[in-house]
Amino acid sequence: MSASRPLSRGRRLGVHVLAALLPAALRERQRGEWTADLLDIGDGQAGRYLAGAALTLPSLWLAARRGAFATGLEATVGAGPVTGPVTGALARLLLIGLGWPIGSWVLAVPVNYLLHHGTGDWKPGGLLLVALFPLLATLVFGAYAALFGGPFLAGALGIGAAVAGLTRRRIPVPQRLALALPGLAVTGTASLLIFTGAVAPVAELDRGYSAAVLGLFTLGFGLHARGLRSPTRIALMLIGLGALGVFTAHHTTLGHTFQTWFMD
Amino acid sequence: MTTPRLLVLRTLLHEPGRERYGLELAGESGLEPGTIYPILVAFEGEGWLSSRAEDVDVHRAGRPRRRYYRLTARGVTAAREATTVADRRRAQRPTRRGLAW
């Protein structure tokens with residue numbers, strides 16, 4: 001059957017997201033299969049089709065890893081995609097620099113609220129507090145960086161760049177420094193602005209916009225960047241969605257309740 | 001061997017030489033469209049199916065090339081064995097003649 005009209009934007013996005021979550025060897029092939037099917041089936045069935053296809057993702061992963069398919073019709077699954085140096089560095093920067101504040105915000109604000117609201121805040125004491133202090137401090141500072149945005153988030157990204165550069169042992173030292181030094185510079189500048197009080201008005205005005213912009217970028221990067229491994233792609237997309245959650249929390253009543261409870 | 005896999009094998013065995021695409025095969029097997037591909041990829045991985053991209057001008061067709069699947073000789077043998085085993089098991093299962101009380 002030949003198609004008379006192209007796939008709608010929503011369906012195309014659905015196929016794109018599902019295909020992005022597949023192993024690289026199967027991605028293009030399966031994208032073609034799903035697209036052609038969606039063009040064939042009726043309008044009313046598309047949602048059901050995509051839901052069914054989403055449920056098959058784990059099975060497709062397993063099927064693609066086993067048997068002769070894994071050794072290559074179009075490519076090999078086991079070898080994985082080849083990530084370019086810039087793409088790899090940017091992915092690592094976002095995973096650490098944005099993953100830390102956004103992940104901390106998710107755990108410390110909405111998840112913490114849903115788990116402990118009404119049952120009393122969970123407050124470790126004594127030795128437990130001492131033992132957990134580094135973890136709790138990382139979580140709380142990360143959550144505040146996401147919450148305040150602007151220079152706070154820039155500072156977190158700078159730390160992410162520094163950590164990403166300094167801990168990546170497989171790449172040459174000049175490349176590592178090219179990532180780490182600007183990161184340290186950004187963090188230093190952001191810290192200076194924050195501690196001198198120069199950016200307090202900016203932080204108040206941010207209201208999640210910097211998180212939203214970075215979230216959209218990370219989501220798009222996770223979806224479109226070439227050569228990323230699927231776990232990295234999924235993690236980037238989750239971080240992007242989490243950052244959009246920060247923006248949403250700034251602009252909804254429920255989100256305000258979460259944030260106020262956290263800050264109190 | 002799961003029921004969906006058996007359904008696909010039975011459909012393929014009905015006309016072993018015929019090529020079918022995924023959606024067509026899902027419809028003929030009575031499976032939910034969109035859920036057949038893990039089965040096809042797994043069978044292909046086992047060497048039971050061969051597939052080829054459709055020879056079509058994608059611009060004129062207005063859609064990507066479909067992939068056509070067909071049982072291999074090994075697949076025909078394996079499918080016959082699998083369906084025979086499943087039929088035998090079903091025949092051995094005790095049939096309930098009415099209610100228990």
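Residues numbered from 1 in each chain as written. Chains lettered and ligands numbered in written order. Predicted model: local features only at pLDDT ≥ 70, side-chain atom pairs only at ≥ 80, totals over all residues. Heavy atoms only, no water.

**A word on the overall build of chain A**
In step 1: Each helix and strand counted, chain A has 12 helices and zero strands in total.
In step 2: Start at the N end of chain A and walk to the C end: the helices and strands fall as α-α-α-α-α-α-α-α-α-α-α-α.
In step 3: Burial status across chain A gives 44% buried among its 264 residues.
In step 4: In chain A, of all internal contacts separated by at least 6 residues, the share reaching a separation of at least 24 is 72%.
In step 5: Summed over its atoms, the accessible surface of chain A is roughly 13900 Å², and 69% of this surface lies on carbon and sulfur atoms. (Helix = DSSP H or I, 4+ residues; strand = E, 2+ residues; numbered from the N terminus. Buried < 20%, exposed > 50% of the residue type's maximum accessible area, 1.4 Å probe, protein only. Contact = heavy atoms within 4.5 Å. Areas by Shrake-Rupley, 256 points an atom, 1.4 Å probe, with all protein chains shown as cover.)

**Concerning the overall build of chain B**
In step 1: Along chain B, the regular secondary structure elements total five helices and three strands.
In step 2: Starting at the N terminus and ending at the C terminus, chain B contains elements arranged as α-β-α-α-β-α-β-α.
In step 3: Within chain B, buried positions represent 44% of all 101 residues.
In step 4: Taking the contacts inside chain B whose residues are at least 6 apart along the sequence as the reference set, 52% of them involve residues at least 24 apart.
In step 5: Summed over its atoms, the accessible surface of chain B is roughly 6100 Å², and 50% of this surface lies on carbon and sulfur atoms.

**What to know about the packing of aromatic side chains**
In step 1: One pass over the structure, following the stated rule, counts six aromatic pairs over all chains.
In step 2: Between the aromatic rings of Tyr144 of chain A and Phe148 of chain A, the centroid separation amounts to 5.5 Å while the plane-to-plane angle is 35°, which identifies the pairing as tilted. In this pair, Tyr144 of chain A and Phe148 of chain A both sit in helix 6 (residues 126–148), four residues apart, roughly one turn of the helix.
In step 3: Given a relative accessible area of 24%, Tyr144 of chain A falls into the partly exposed group.
In step 4: Measuring from centroid to centroid gives 5.3 Å for Phe43 of chain B and Trp48 of chain B, while their planes differ by 25°, and the two rings are stacked.
In step 5: What links up through ring pairs into an aromatic cluster is the set Tyr144, Phe148 and Phe152 of chain A.
In step 6: Across from the ring centre of Tyr21 of chain B, 3.9 Å away, lies the NZ or CZ of Arg66 of chain B, which sits over that ring. (Phe/Tyr/Trp six-rings, centres within 6.5 Å; stacked < 30°, edge-to-face > 60°. Lys NZ or Arg CZ within 6 Å of the ring centre and 35° of its normal.)

**Points about the confidence of the model for chain B**
Residues and elements named next belong to chain B.
In step 1: Mean pLDDT over chain B stands at 85; residues scoring 70 or higher make up 91%.
In step 2: Within chain B, strand 3 (residues 67–71) carries the highest mean pLDDT (93), whereas helix 4 (residues 58–61) carries the lowest (80).
In step 3: For this predicted complex, the interface score ipTM comes out at 0.85, while the overall pTM is 0.52. (pLDDT = per-residue confidence, 0-100.)

**With respect to the nonpolar core**
In step 1: With 50 residues, the main nonpolar core has Trp34 and Leu38 of chain A together with Val8, Ile36, Tyr37 and Leu40 of chain B as its most contacted residues.
In step 2: Ranked by residues supplied to this core, first place goes to helix 3 (residues 37–46) of chain B with six residues.
In step 3: In contact with Leu40 of chain B, not counting residues within four places along its chain, are Val8, Gly22, Leu25, Leu49 and Tyr69 of chain B.
In step 4: The next biggest cluster of nonpolar side chains, apart from the first, holds 30 residues, and it includes Leu153, Leu157, Ala211 and Val246 of chain A. (Core = buried A, V, L, I, M, F, W, Y, C linked by side-chain atoms within 4.5 Å.)

**Considering the sheet that holds strand 2 (residues 49–53) of chain B**
In step 1: Across the sheet, which stays open at both edges, the three strands sit in the order 1-3-2 (chain B) with antiparallel pairing between neighbours. At either end of the open sheet lies a strand with only one pairing partner, and these are strand 1 (20–21) and strand 2 of chain B.
In step 2: In this fold helix 2 (residues 24–40) of chain A packs onto strand 1, strand 2 and strand 3 of chain B, with an angle of close to 100° to the strand it touches most, strand 3 of chain B. (Pairing = 2+ DSSP bridges. Axes fitted to C-alpha atoms, helices over the stretch in contact; angles between N-to-C directions.)

**Observations concerning the packing of helix 5 (residues 85–116) of chain A against helix 11 (residues 230–250) of chain A**
Residue and element names in this part refer to chain A.
In step 1: It is the contact of helix 5 with helix 11, at a shortest axis distance of 9 Å, that shows an interaxial angle of 45°. By the angle between their axes, helix 5 is oblique relative to helix 11. For the pair helix 5 and helix 11, the sense of crossing is left-handed. On the side of helix 5, the interface is formed by Ala91, Leu94, Leu95, Leu98, Gly99, Ile102 and Trp105, while helix 11 contributes Thr232, Ala235, Leu236, Ile239, Gly242, Ala243, Gly245, Val246 and Ala249. (Parallel < 35°, antiparallel > 145°, perpendicular 65-115°, else oblique. Left-handed = near helix turned anticlockwise from the far one by under 90°.)

**Looking at the interface of chain A and chain B**
In step 1: Each side of the interface is counted separately: chain A has 30 residues, and chain B has 20 residues.
In step 2: With both chains or domains summed, chain A and chain B bury close to 2000 Å², and 55% of this area falls on carbon and sulfur atoms.
In step 3: When the buried surface of chain A facing chain B is broken down by residue, Arg29, Glu33 and Asp37 of chain A rank first, second and third, together holding 22% of it.
In step 4: At the boundary of chain A and chain B, one finds four salt bridges.
In step 5: Notably, a salt bridge pairs Arg66 of chain B with Asp37 of chain A, separated by 3.0 Å at the nearest N-O pair.
In step 6: Where chain A touches chain B, the interface holds eight residue pairs in polar contact (both at pLDDT 80 or more).
In step 7: Among the secondary structure elements, those contributing two or more residues to the side of chain A that touches chain B are helix 2, helix 3 (46–55) and helix 4 (57–65) of chain A.
In step 8: A breakdown of the residues in the side of chain A that touches chain B according to their chemical character gives 15 nonpolar, eight polar and seven charged. (Buried area = accessible area lost by both parts, 1.4 Å probe. Salt bridge = Lys/Arg side-chain N within 4 Å of Asp/Glu carboxyl O. Polar contact = N/O pair within 3.5 Å; in protein donor to acceptor, adjacent residues only side chain to side chain. Nonpolar A, V, L, I, M, F, W, Y, C, P; charged D, E, K, R; others polar.)

**Let's talk about the pairing of strand 3 of chain B**
Residues and elements named next belong to chain B.
In step 1: Counting buried positions along strand 3 gives four out of five residues, so the element sits mostly inside the fold.
In step 2: Pairing of strand 1 with strand 3, which is carried by two bridges, proceeds in the antiparallel orientation. Of the residues in strand 3, the one forming a bridge with Arg20 is Tyr69.
In step 3: Taken together, the five bridges between strand 2 and strand 3 define a ladder with antiparallel strand orientation. Residue pairing for strand 3: Ser51 is matched across the bridge by Tyr69.

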